[in-house]
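# Commentary on secondary and tertiary structure
Here are the chains, one letter per residue:
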Amino acid sequence: MTADDSFGRLDDDDYPAYTMGRAAEMLGTTQGFLRAIGEARLITPLRSTGGHRRYSRYQLRIAARARELVDQGTPIDAACRIVILEDQLEEAKRINAEHHRTTQP
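Quick caveat, the model's predicted, so the values are computed rather than measured.

## A short note on the environment of Leu 34
Relative to the helices and strands, Leu 34 resides in helix H3 (residues 31-39). As for Leu 34 and Arg 67, which are separated by 33 residues in sequence, their C-alpha atoms are 9.6 Å apart. With residues up to four places along the chain from it excluded, the contact list for Leu 34 reads Met 20, Ala 23, Ala 24, Leu 27, Tyr 55 and Ala 63.

As C-alpha cells, this is what we get:
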C-alpha cells in the first residue's frame, strides 16, 4: 500500500485508524470502557501487527451511543444489547426501503 492509498482510506468509516487511547480520548471515556464493550461483543476492534486495538469511525459511533446509555444509568450489558438492536433495526429499514424502490412500478 502506498502513502496515497493510506490517505484515501482515512475517509473510509470502516478503516481502523484510531488507537485505543485516542478512541477513549475522543469519546471522553476510559480504555476500560472500550474493553468492556468489546467483551460484551458490541464492537470488535481490529488488531495492529503489534497486537494493539484499532478502532474505526463506525465503531466509535457505536461506542458513543453505548456511552450515552451508560451515562443515563443503563447497565453496560443492556446498553450494548440496545445498541445492537438499534443497529439491526436501521439495517432492516434500509433493506426494506431498498426493496420498495426496486419493486415499485
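That shown, we press on.
## Some remarks on the side chain of Gln 59
Mapped onto the elements, Gln 59 comes out in helix H4 (residues 57-71). By relative accessible area, Gln 59 is classed as buried at 12%. Of note is the side chain of Gln 59, whose polar atom sits 2.9 Å from the backbone oxygen of Thr 44. Residues within four places of Gln 59 in sequence aside, it is in contact with Ile 43, Thr 44, Pro 45 and Arg 54.

## A few points about the sheet that holds strand E1 (residues 18-19)
The strands making up a sheet associate through hydrogen bonds between their backbones, and the pairing can be parallel or antiparallel. If you trace the three strands from one edge of the open sheet to the other, you get E1-E3-E2, paired in antiparallel fashion. Both edges of this open sheet fall to E1 and strand E2 (46-47), since each of them pairs with a single strand only. One ladder, built from two bridges, connects E2 with strand E3 (residues 53-55); its direction is antiparallel. Pairing of Leu 46 across the sheet is with Arg 54, part of E3. Seen against the sheet, H4 touches E1 and E3 and runs at an angle of roughly 85 degrees to E3.

What counts and how
Residues numbered from 1 in each chain as written. Predicted model: local features only at pLDDT ≥ 70, side-chain atom pairs only at ≥ 80, totals over all residues. Heavy atoms only, no water. Helix = DSSP H or I, 4+ residues; strand = E, 2+ residues; numbered from the N terminus. Contact = heavy atoms within 4.5 Å. Buried < 20%, exposed > 50% of the residue type's maximum accessible area, 1.4 Å probe, protein only. Polar contact = N/O pair within 3.5 Å; in protein donor to acceptor, adjacent residues only side chain to side chain. Pairing = 2+ DSSP bridges. Axes fitted to C-alpha atoms, helices over the stretch in contact; angles between N-to-C directions.

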